[in-house]
Amino acid sequence: YTRGTVTAFSPFDARADAEALRKAMKGMGTDEETVLKILTSRNNAQRQEIASAFKTLFGRDLVDDLKSELTGKFETLMVSLMRPTNIFDAHALKHAIKGAGTNEKVLTEILASRTPAEVRNIKQVYLQEYEADLEDKITGETSGYFQRLLVVLLQANRDPDGRVDERLVEQDAQVLFRAGELKWGTDEEKFITILGTRSVSHLRRVFDKYMTISGFQIEETIDRETSGDLEKLLLAVVKCIRSVPAYFAETLYYSMKGAGTDDDTLIRVMVSRSEIDLLDIRQELRKNFAKSLHQMIQKDTSGDYRKALLLLCGGDDE
């Protein structure tokens, strides 16, 4: 069951696709149209088969060829589409914590939105691919309560969804209220423990109860009482508990709203959600921002990059 815009292509012939791609990139000039049409209409598993057929037939590496024939954001997008699904997040995190400065936005987006099973997979893949412990890497580059919440999320021990106990809901809502609105300075630790470990269905009830007790949405309290990276991470966690597609709709909206486009975010979200919930994300964007994702991409990007993103988007929501 998927709410993605990209699904398995049928009838699929990996060798025919490999041959078409080779022809598109051989000799003078590149036929970008063929490249983008093939890669956006096959799912990730099929793209891996194409890469393997490409190597078998021509003794060449498809990703290397894409890198040498394409340029700019279009190249980044095509190469991202070729990255095997299971290493996509680990790779993004690796690049978010390497070298000078850490990209907190990427850490926040991935660790707030992935399921515990996905986080466990990311840690395992990170260790295999980079021979390093993801938690060590992250704690080495972050600090304070921001770091602590990331570590809690990395444990991937959120309670599984089950029957919600209203007594505990009431209790958590009161604790958060006392920790946030009622005292000078916020007791961040309470927020971190409750938001990082309780089940999704429990927390949704806690947010409702919090509103009843305090007269505020929990987001408003976080906004007022915390700042910087911690605030962004707490808000991302709350939004993902409420609705992951709504969180990504907002992420995409702000990646294109205003002057300049945050292409890294746009590419990362479009590629990583294309086989999961991009249809739902489109719906949420329409509902919450009265905008169509298709039209935003149309207006904000250009060239082959735009063509490929529009194909991934898979349609307009008038």
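Cut-off values and rules
- Residues numbered from 1 in each chain as written.
- Predicted model: local features only at pLDDT ≥ 70, side-chain atom pairs only at ≥ 80, totals over all residues.
- Heavy atoms only, no water.
- Domains from an automatic or database assignment.
- Core = buried A, V, L, I, M, F, W, Y, C linked by side-chain atoms within 4.5 Å.
- Buried < 20%, exposed > 50% of the residue type's maximum accessible area, 1.4 Å probe, protein only.
- Helix = DSSP H or I, 4+ residues; strand = E, 2+ residues; numbered from the N terminus.
- Contact = heavy atoms within 4.5 Å.
- Polar contact = N/O pair within 3.5 Å; in protein donor to acceptor, adjacent residues only side chain to side chain.
- Salt bridge = Lys/Arg side-chain N within 4 Å of Asp/Glu carboxyl O.

Some details on the domain arrangement of the protein chain
Then, in step 1: Per the domain assignment, the segments making up the protein chain are domain 1 (14–82), domain 2 (87–155), domain 3 (166–242) and domain 4 (244–313).
Then, in step 2: Relative to domain 2, the C-alpha centre of domain 1 lies at a distance of 29 Å.

Topic: the nonpolar core
Then, in step 1: Of all hydrophobic cores here, the largest spans 96 residues; its most connected members are Met78 and Met270.
Then, in step 2: Examining the composition of this core, we find that nine residues originate from one element, helix H15 (residues 228–242), more than from any other.
Then, in step 3: Other than its neighbours up to four places away in sequence, methionine 270 contacts Leu252, Leu278, Leu293, Ile297, Leu309, Leu312 and Cys313.

Focus on the environment of arginine 120
Then, in step 1: Tracing the backbone through its elements, the reader meets arginine 120 in helix H8 (residues 116–130).
Then, in step 2: Considering only alpha carbons, one finds arginine 120 and glutamate 170, 50 residues apart in sequence, at a separation of 30 Å.
Then, in step 3: A polar contact of 2.8 Å, which involves the side chain of arginine 120, links it to the backbone oxygen of alanine 156.

Notes on the pattern of salt bridges
Then, in step 1: Overall, the coordinates contain 21 salt bridges when judged by the stated rule.
Then, in step 2: A salt bridge links lysine 55 to aspartate 61; its shortest N-O distance comes to 3.3 Å.
Then, in step 3: The class for lysine 55 is partly exposed, based on a relative accessible area of 46%.
Then, in step 4: Of the charged contacts, one joins arginine 205 and glutamate 166 as a salt bridge, the two residues approaching to 3.0 Å between their closest N and O atoms. Here the residue arginine 205 occupies a position in helix H13 (residues 200–214), and glutamate 166 occupies one in helix H11 (residues 166–180), the gap between them amounting to 39 residues.

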